[in-house]
Amino acid sequence: MDSGKISGLLIDLDGVLYVGSEVIPGAIEALEKLRKSGIPFRFVTNTTTRTADSLVRKLERLGFAVKPEDIFSAVTATLGFLRNQGATLPSVHAVVRDSVLPEFRDFPRDDEAPDYVVVGDIGASWSYGLMNRIFRQLNAGARLLAMHRNRFFLSEDGLSVDIGCFVAGLEHVSGQEAIVIGKPNRTFFETASLSLGCPLRKIAMVGDDLVSDVGAAQKMGMHGIQVRTGKFSEAQLAESKIIPDFILDSIANLPETLT
């Protein structure tokens, strides 16, 4: 593929710019080069443990220059979805971290018979009791709203289970298909892409997830750029039918690839 066809970028955060509290070498410089070259970019993330403002503060602490409007997160997209469900705000049971819970303050809280059960990353707080409680709420008519359904992520301790397995389990026992908000949701990608001012065919998604980043972007008519950082797996790449348009050692190689 001709890199000259790329006029805008969507860039994942965790695993691409940083892992935990460690910056990917060359990431800060790469973004500075992209800005100087005039290629617009936005950040898209399935992170559900932080609000958009918290993400901005983290990026700034790590040395990145970023504006809140440049970040499109699964949390903000979930809030937008809920606000668009009618004149009356729906009630929710928000299964999220305490750090994110205040974002749902405008919605009636109902931990017994909510309109929506919203599932985010709660780490080790998952339990049989919580799963059974959610199962009963879904059986009673609540809709299952997943901020994303990633299978795993790379933490500072290594590869770790993400919320996808819990979402899949709840779908299985309830017979209900979850509404998935973050990547690879098409609306999520389209919303982030609109602010770039260029058609989808000229946008590339840069990510460490072969399926949710690269493959999902390609299905939408965008380009997919895989980086060999974060949770990237050579074995998964070899076994997958997904063929990235570019495979880079890291985002540090992105500016030279596009010029």
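If you're wondering where the values come from, they're calculated on a predicted model, not measured in any experiment.

Each value, and the rule that gives it
- Residues numbered from 1 in each chain as written.
- Predicted model: local features only at pLDDT ≥ 70, side-chain atom pairs only at ≥ 80, totals over all residues.
- Heavy atoms only, no water.
- Pairing = 2+ DSSP bridges.
- Helix = DSSP H or I, 4+ residues; strand = E, 2+ residues; numbered from the N terminus.
- Contact = heavy atoms within 4.5 Å.
- Axes fitted to C-alpha atoms, helices over the stretch in contact; angles between N-to-C directions.
- Core = buried A, V, L, I, M, F, W, Y, C linked by side-chain atoms within 4.5 Å.
- Buried < 20%, exposed > 50% of the residue type's maximum accessible area, 1.4 Å probe, protein only.
- Polar contact = N/O pair within 3.5 Å; in protein donor to acceptor, adjacent residues only side chain to side chain.

A. How the structure looks around the sheet that holds strand β8 (residues 143-146). With parallel pairing, four strands are arranged side by side in an open sheet as β6-β7-β8-β11. Since the sheet does not close on itself, it has two edges, and those belong to β6 (92-95) and β11 (179-180), each with one partner. When strand β7 (residues 116-119) meets β8, the two strands line up parallel, connected through four bridges. Considered in β8, the bridge of V119 is made with A146. Where helix α4 (residues 128-139) meets the sheet, its contacts fall on β6, β7 and β8, and the angle it forms with β6 comes to roughly 155°. Here helix α5 (residues 164-174) sits on the sheet and contacts β7 and β8; the angle it forms with β8, its principal contact strand, is near 165°.

B. Molecular detail of the nonpolar core. Core analysis: the biggest nonpolar cluster contains 33 residues, and L9, I11 and L17 have the highest contact counts within it. When residues in this core are grouped by element, the largest group, five residues, is from helix α1 (residues 27-37). Non-local contacts of I11, meaning those with residues more than four positions away in its chain, are made with V16, L17, L31, L34, F41, R42, F43, V44, M205, V206 and I251.

C. Focus on the side chain of H148. In this fold, H148 is placed in the loop between β8 and β9 (152-155). Here the side chain of H148 touches N46 through a polar contact of 3.4 Å, landing on its backbone oxygen. Here the side chain of H148 touches N150 through a polar contact of 3.0 Å, landing on its backbone nitrogen. When residues no more than four places from it in sequence are discounted, the contact partners of H148 are N46, T48, D162, I163, V167, V180, G182 and K183.

D. Up close: the sheet that holds strand β13 (residues 223-227). Pairing is parallel across the open sheet formed by six strands, whose spatial order is β5-β4-β1-β12-β13-β14. At either end of the open sheet lies a strand with only one pairing partner, and these are β5 (71-73) and β14 (246-248). When the angles between neighbouring strand axes are averaged without regard to direction, this sheet yields 25°. Pairing of strand β1 (residues 8-11) with strand β12 (residues 203-207) involves four bridges; the strand directions are parallel. Directly across from I11, in β12, lies its bridge partner V206. Relative to β13, helix α7 (residues 210-219) is tilted by about 160°, and along the sheet it contacts β12 and β13.

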